[in-house]
Amino acid sequence: MARPAHQNPFRTSRLHALRFRYPEGDTEDALLRRLEAHGGRGAIVGPHGSGKTTLCLELAARFRAEGLDVRMLRYGDGTSLCRPHSLRAWIAGAGARSALIVDGAGHLGPLAWWNLLRRSKRAARVLATAHGRCPFPAILRTTTSTSLFDELCTSLGQPMPGGDSAALLAAHRGDVRAALRTLYDAWAEARP
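These numbers come from a predicted model, not from an experiment. (Residues numbered from 1 in each chain as written. Predicted model: local features only at pLDDT ≥ 70, side-chain atom pairs only at ≥ 80, totals over all residues. Heavy atoms only, no water.)

Regarding the environment of Pro137
Here is the rule we go by: Segments assigned H or I by DSSP are reported as helices when at least four residues long, segments assigned E as strands when at least two residues long, and all are numbered from the N terminus. Note on exposure labels: buried denotes an accessible area under 20% of the residue type's maximum, exposed denotes more than 50%, and partly exposed covers the range between, all computed with a 1.4 Å probe on protein chains only. For this analysis, residues touch if any pair of their heavy atoms sits within 4.5 Å.
Structurally, Pro137 can be placed in the loop between β4 (125–130) and β5 (138–141). Judged by relative accessible area, which is 28%, Pro137 ranks as partly exposed. With 25 residues separating them in the primary sequence, Pro137 and Ala112 have C-alpha atoms 18 Å apart. With sequence-adjacent residues up to four places away left out, Pro137 is seen in contact with His38, Arg41, Gly42 and Ala43.

Put into structure tokens, the structure is as follows:
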């Protein structure tokens, strides 16, 4: 018999409540200073499941608190790829009080990138996430590690037994999000 989803310590609502963990010695304020140093344009670069989306959502909240109109597009994980005309419509009207965030910008083709670069010049901030290179300067490179995974599990009240986290993370090629999904399923299927 499966356990109830609302009791699962790895349920989506609990995962969404986790905060991004900055590399040691780095902070949100330092990240924003790097973004401003590059004219309000920057990229967060890192592998799948390394916290890029979590960080974007936190930065979006910060931008809103600063009074910016935040527009966010998310690509990947089953979402459709960007069409140039829809990107143009999304950017239309963005101005000095706008922050544009493109999560999964590595999925953009050359024409979409050209549109983004050309049409977003008036926006106060433009932030992109990617797994590799992109036209914006990298202001943060995200990574995963066994210690980060252990810290997240402990903060969810489910510390991993010694050695299990390294094997689980390796099985998911370092993708913390995928490893947490596996723990969700394992917890749900375990006998109460």
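Now, onward.
Observations concerning the nonpolar core
Formally: To form a nonpolar core, buried Ala, Val, Leu, Ile, Met, Phe, Trp, Tyr and Cys residues must be joined to one another through side-chain atoms within 4.5 Å.
Core analysis: the biggest nonpolar cluster contains 21 residues, and Trp90, Leu108, Trp113, Leu116 and Phe136 have the highest contact counts within it. Within the residue set of this core, elements represented by two or more residues are β1 (41–45), α4 (84–91), β3 (98–103), α5 (110–119) and β4. Judged by nonpolar contacts, the second largest core, of 18 residues, contains Leu31, Phe63, Ile139 and Leu140.

Considerations on the sheet that holds β1
This is how it is decided: Strand pairing requires that DSSP identify at least two bridges connecting the strands. All axes here are fitted lines through C-alpha atoms, helices being fitted over the stretch that makes contact, and every angle between N-to-C directions spans 0 to 180 degrees.
As summarised here, the arrangement of the five strands in space is β2-β3-β4-β1-β5, forming an open sheet in which the pairing is parallel. The sheet terminates laterally at β2 (69–74) and β5, the two strands that pair on one side only. The average angle at which neighbouring strand axes cross in this sheet is 15 degrees, direction not considered. Direction of pairing for β1 relative to β5: parallel, over a ladder of three bridges. Bridging across to β5, Ile44 finds its partner in Leu140. Packing against the sheet, helix α2 (residues 28–37) makes contact with β1, β4 and β5, and its axis sits at approximately 150 degrees to β5.

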